[in-house]
Amino acid sequence: MFFKGDTIVYATTGVCVIDDIREQACTGEVHTYYVLQPVFDSSSKVFAPVGSSEQKMRAVLTAGEADELVRTLPDAPAEWIDNDSRRKETFSAMLRSGDRSELVRLVKTLHTHRLELQQCGRKFHLADERMLRDAERVLFEELAYALSIPPESVGDYLREHAKTAAVG
């Protein structure tokens, strides 16, 4: 169980603060909901049912855990799946899992493939671009929060750290 004021990562929504826990009627029944305020999107709120939502919620990384996760990036496997439907299914499952290692792997795989296509003068599939954007948003928001940097700086942070890790 999480509590009002906790900062968590919720499914594919990203980093949120639990603004409130309250009962609300939905389809004629009263249920208890977490009222989540996304940290990087103050214009929206998410209502997550208490009980069934906990499996989609997790504590945010600490700064030390974020640094350790970033250190794993150069060694993360990048395994491309040629079959479009199998790739979409597999990558969607990786995104929904919320597993940080899977998110790192997913982002690296998609970036690597996009770079390979660009070098051949080919275009990156729109569905893969959307998947990359969603995976980056969730991963980058959490890293930004943990490392106290703006989300738009995380890409540069990762690139710089990858260079340092490859050399060191």
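Preceding this paragraph is the structure being described.
These notes cover the structure that comes with them. (Residues numbered from 1 in each chain as written. Predicted model: local features only at pLDDT ≥ 70, side-chain atom pairs only at ≥ 80, totals over all residues. Heavy atoms only, no water.)

1. Notes on the sheet that holds strand β5 (residues 57-59)
Across the sheet, five strands lie side by side as β4-β3-β2-β1-β5; this open sheet has antiparallel pairing. The outermost strands of the open sheet, each flanked by one partner alone, are β4 (46-49) and β5. The average angle at which neighbouring strand axes cross in this sheet is 50°, direction not considered. Sheet topology note: the strand β3 (residues 29-38)/β4 ladder contains four bridges and is antiparallel. Bridging from a neighbouring strand, Tyr-34 pairs with Ala-48 of β4. (Pairing = 2+ DSSP bridges. Helix = DSSP H or I, 4+ residues; strand = E, 2+ residues; numbered from the N terminus. Axes fitted to C-alpha atoms, helices over the stretch in contact; angles between N-to-C directions.)

2. Brief notes about the pattern of salt bridges
Within the structure shown, the criterion is met by ten salt bridges. Its salt-bridge partner being Asp-84, residue Arg-87 comes within 2.7 Å of it at the nearest N-O pair. Here Arg-87 pairs with Asp-84, and both are found in helix α2 (residues 84-97), just three residues apart, close to one helical turn. With relative accessibility at 44%, the residue Asp-84 sits in the partly exposed group. The salt bridge involving Arg-87 is made with Asp-128; its shortest N-O contact spans 3.0 Å. One end of the pair, Arg-87, is in helix α2; the other, Asp-128, is in helix α4 (residues 126-147), and 41 residues separate them in sequence. Residue classification places Asp-128 among the buried residues on the basis of a relative accessible area of 6%. Within the structure, one salt-bridge network assembled from shared partners comprises Arg-58, Arg-100 and Glu-142. (Salt bridge = Lys/Arg side-chain N within 4 Å of Asp/Glu carboxyl O. Buried < 20%, exposed > 50% of the residue type's maximum accessible area, 1.4 Å probe, protein only.)

3. A closer look at the packing of aromatic side chains
Per the counting criterion, the structure on display carries one aromatic pair. Ring geometry for Trp-80 against Phe-91: centres 5.9 Å apart, planes inclined by 65°, an arrangement best described as edge-to-face. Taken together, the residues Trp-80 in the loop between α1 (63-72) and α2 and Phe-91 in helix α2 connect sequence positions eleven residues apart. Using a relative accessible area of 24% as the deciding quantity, one classes Trp-80 as partly exposed. What makes Phe-91 buried here is its relative accessible area of 3%. (Phe/Tyr/Trp six-rings, centres within 6.5 Å; stacked < 30°, edge-to-face > 60°.)

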